[in-house]
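A closer look at the structure
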Amino acid sequence: MTDTIRAVRGMKDLLPPESRRWQQVEAVSREIFARYGYQEIRLPLLERTELFARSIGADTDIVAKEMYTFTDRHGDSLTLRPEATAQVVRAYLENGLHLGAGVKKFFTIGPMFRYERPQKGRYRQFHQINGEALGVDVPELDVEVILLLLDILKHLGLRDLELLINSLGCPVCQVDFKARLTIFLARREGWCDDCLRRRAANPLRVLDCKSQNCQALLMEAPLLRDCLDDDCRRHYDRVLELLSRFGVPYTEQPRLVRGLDYYTRTAFEVTAGGLGAQDAVAGGGRYNGLVKELGGPDLPGIGFAIGQDRLMEILPEQDSPAPPRIFLAALGPPARETAFSLLRELRRQGLAAEFDFQDRSLKAQLSLANRLGASFTVILGDRELAQGRVLVRRMDGGEQQTLPLDGLAAALAALIAREKDEHRV
Ligand code: AMP
């Protein structure tokens, strides 16, 4: 026997009924994005490798170890996107979306790829819901982005969320900070091999090391917030003031850095109870140098990414009834002919209708109707056909009524509409 082929490690199939919950999460997100004036962009899954190498940073884990990179038949180096912001900026510049004054707001939903060690909450293909606002650097916009993110999570029913926030300053503050950090790193011993390399290449990346030992050594490291210049300090204070004004609880986390090099000023994460070790359900921040780094004008930006796979793990069970469905149970060839035409008619009326393609006993058909969650089953047999009538059975209470075959689709549509009004289906 030939072996069956399995999915790639760290990549999952998304099956019903779970896929329906994913659709609902995406629908809620879209509605909240629209409220805040964010428009959808859909971007390719493949980009030139250089886009990510240049923006995320050569010394980050993502670029150094985790990208799915290959050479195509033309000899170009391409990479499956590990994150969305760099490509949103690429599309923003390439399509002239940056032209004209003011803030431009986009959202995008889709899969990302990182060659990480798979575990609960960490996959090699995972899914993000991203919001990005480009063109303006004012603290009010930082707060809008954070409120938008929290609004989406709360509308989805998530509780037990914690907003962690920090300021990473601007490149000017970072020069001072890097100098202090370099001295600190040189004075301590016990760094992992990766950090010894990072220490020389880009000391900021040491802060993001996943090793517990390095994190313990870092407890006494200098803090970025002590190096903020006046403008960055004012920006950060105003963000915190506005969050307090809107009653948004936050925890300042002076050691928070993100896994990507392009962040400046405001950086944040949202953690959620119930996720275990990988408890960050979303993260984001400002990236004021990124547009310029990618060859555009000096325009600022800020955004966030929700990890949709993690979000699904903690999403409360919601009672979200499927649309009422009608099942047509037909016995014998003439009744099946009639039922098959009726199926088309019902769907034309906008109703969800199903039929047993296998021509089985009434009992088997009724059990299929139950499995499909049908609200009503229409029973058609030779006798009913001869009388020009059918039997309509409510699946939850078992009550039955007889309806004329003539005009049946319209009568069923009216019946469903009435039941919906009375919240019975
Ligand atoms: P990042 O793009 O690294 O800032 O991550 C943003 C969010 O995406 C995180 O807070 C996670 O919720 C999610 N995420 C990142 N990497 C993975 C992964 N490998 N598997 C599942 N979710 C992830």
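Residues numbered from 1 in each chain as written. Predicted model: local features only at pLDDT ≥ 70, side-chain atom pairs only at ≥ 80, totals over all residues. Heavy atoms only, no water.

Some thoughts on the overall build of the protein chain
What counts is decided by this rule: Only DSSP runs of H or I with at least four residues qualify as helices, and only runs of E with at least two residues qualify as strands; both kinds are numbered from the N terminus onward. The atom set for the radius of gyration is the C-alpha atoms, and the globule formula is 2.2 Å times the number of residues raised to the power 0.38. All accessible areas in this document rest on Shrake-Rupley with a 1.4 Å probe, and a residue is counted as covered only by the protein chains that are shown. Positive: Lys, Arg. Negative: Asp, Glu. His and the chain ends are not part of the count. A charge is said to be at NZ when it belongs to Lys, at CZ for Arg, at CG for Asp and at CD for Glu.
Assigned secondary structure in the protein chain consists of 15 helices and 16 strands. The C-alpha radius of gyration of the protein chain comes to 28 Å, more than 25% above the 22 Å expected for a compact globule of 425 residues. Taking the principal axes of the C-alpha coordinates as reference, the protein chain spans close to 95 × 60 × 40 Å. Total accessible area computed for the protein chain in this model is approximately 21400 Å², and 50% of it derives from carbon and sulfur atoms. Of the charged side chains in the protein chain, 58 are positive and 59 negative; the average position of the first set lies 2 Å away from that of the second.

Concerning the sheet that holds strand E5 (residues 104–113)
Spelled out, the test is: Strand pairing is assigned whenever DSSP identifies at least 2 bridges connecting the two strands. Residue contacts are defined here by distance: any two heavy atoms, one from each residue, within 4.5 Å place the two residues in contact. Axes, fitted as lines to C-alpha atoms, cover a helix only where it is in contact. Angles between the N-to-C directions of the axes lie from 0 to 180 degrees.
Strands sit in the order E1-E5-E6-E11-E10-E9-E7-E8 across an open sheet of eight strands; the sheet is mixed. Of all strands in the sheet, those with a lone pairing partner are strand E1 (39–40) and strand E8 (251–252), marking the two edges. Here seven bridges tie strand E7 (residues 161–167) to strand E9 (residues 264–272), and the two strands are oriented antiparallel to one another. Paired with Asn 166 across the bridge in E9 is Ala 267. Against the sheet, helix H1 (residues 18–35) contacts E1, E5, strand E6 (125–134) and strand E11 (301–307), and its axis sits at roughly 5 degrees relative to E6.

Some details on the domain arrangement of the protein chain
One widely used convention gives an interface's size as the accessible area the parts lose upon coming together. Counted only if it meets this: As used throughout, domain bounds are those supplied by an automatic or database domain assignment.
Taken as a whole, the protein chain is organised into domain 1 (18–170 + 229–314) and domain 2 (325–415). Between the C-alpha centres of domain 1 and domain 2 there is a distance of 49 Å.

Points about the packing of aromatic side chains
Heads up, the condition is: Any two of the Phe, Tyr and Trp rings considered here, Trp counted by its six-membered ring, make a pair once their centres fall within 6.5 Å; the pair's planes then place it as stacked at under 30 degrees, edge-to-face at over 60, or tilted in between. Per-residue accessibility, obtained with a 1.4 Å probe over protein chains only, is compared with the maximum for each type, and a residue is labelled buried under 20%, exposed over 50%, and partly exposed between these values. Remark: a charge is flagged as sitting over a ring if the NZ atom of Lys or the CZ atom of Arg is within 6 Å of the ring centre and within 35 degrees of the ring normal.
Taken as a whole and judged by the stated rule, the model has eleven aromatic pairs. Judged by centre distance (6.3 Å) and plane angle (65 degrees), the ring pair of Phe 184 and Trp 191 falls under edge-to-face. Comparing Phe 184 with Trp 191 shows no difference in burial state: the two are buried. Cluster of aromatic residues (ring-pair linked, three or more members): Phe 33, Tyr 38, Phe 107 and Phe 304. Against the face of Tyr 123 rests Lys 12, its NZ or CZ located 4.2 Å from the ring centre. Geometry around Tyr 115 places Arg 124 over its ring, the cationic atom sitting 3.8 Å from the centre.

Observations regarding the nonpolar core
Spelled out, the test is: Residues belong to one nonpolar core when they are buried, are Ala, Val, Leu, Ile, Met, Phe, Trp, Tyr or Cys, and are joined through side-chain atoms within 4.5 Å.
Ranked by internal contacts, the top residues of the largest apolar core, which has 46 residues, are Phe 268, Val 281, Phe 304, Ile 306 and Leu 311. Examining the composition of this core, we find that nine residues originate from one element, helix H5 (residues 139–155), more than from any other. Counting 43 residues, the second largest nonpolar core, distinct from the first, contains Met 67, Val 88, Leu 256 and Leu 290.

Quick look at the site of the ligand
Applied cut-off: We define proximity as follows: a residue is near a molecule or strand when any one of its heavy atoms falls within 4 Å of that partner. For the purposes of these results, a polar contact is taken to be a pair of N or O atoms within 3.5 Å, where, inside protein, one atom must be able to donate a hydrogen and its partner to accept one; residues adjacent in sequence count only when each atom of the pair is a side-chain atom.
Near the ligand lie 14 residues; those nearest to it are Arg 114, Glu 116, Tyr 123, Arg 258 and Ala 280. The separation between an oxygen atom of the ligand and a polar side-chain atom of Arg 114 is 2.8 Å. Within the side chain of Gln 128, one N or O atom sits 3.1 Å away from an oxygen atom of the ligand. Relative to its unbound accessible surface of 480 Å², the ligand loses 92% to contact with the protein. Elements represented by at least two residues in the shell around the ligand include exactly E6, strand E10 (280–286) and E11. A per-element tally of the shell around the ligand places E10 first, with three residues.

Details of the packing of H1 against H5
This is how it is decided: Left-handed is the label given to a crossing in which the near helix is rotated counterclockwise from the far helix by less than a right angle, and right-handed is the label when the rotation is clockwise. Gly is placed with the polar residues, together with every amino acid not listed as nonpolar (Ala, Val, Leu, Ile, Met, Phe, Trp, Tyr, Cys and Pro) or charged (Asp, Glu, Lys and Arg).
Where H1 contacts H5, the two axes come as close as 10 Å, and the packing angle between them is 145 degrees. When you trace H1 past H5, the crossing you get is right-handed. Contacts between H1 and H5 pair Val 28, Ser 29, Ile 32, Phe 33 and Arg 35 from the former with Leu 148, Asp 151, Ile 152 and His 155 from the latter. Across the contact of H1 with H5, the residue classes tally to five nonpolar, two polar and two charged.

Some details on the sheet that holds strand E4 (residues 77–80)
Strand order in the open sheet formed by three strands is E2-E4-E3, and the pairing between neighbours is antiparallel. With one partner strand each, in any of the chains shown, strand E2 (46–48) and strand E3 (69–71) form the two edges of the open sheet. Along the sheet, successive strands turn relative to each other by an average axial angle of 35 degrees, direction set aside. Inspection of the sheet shows E3 paired to E4 by three bridges, in the antiparallel sense. From the neighbouring strand, Thr 69 faces E4, where its bridge partner is Thr 79. Contacting E2, E3 and E4, helix H2 (residues 49–56) runs over the sheet at an angle of about 70 degrees to E2.

Here's the deal with unusual backbone geometry
With an omega of 5 degrees, the peptide bond between Pro 16 and Pro 17 qualifies as cis. Even without a glycine there, the phi angle at Asp 160 is positive, about 60 degrees. Residue placement: Asp 160 occurs in the loop between H5 and E7. Not every positive phi belongs to a glycine, and Asp 359 is a case in point at roughly 55 degrees. Structurally, the position occupied by Asp 359 is in the loop between strand E13 (352–355) and helix H13 (362–371).

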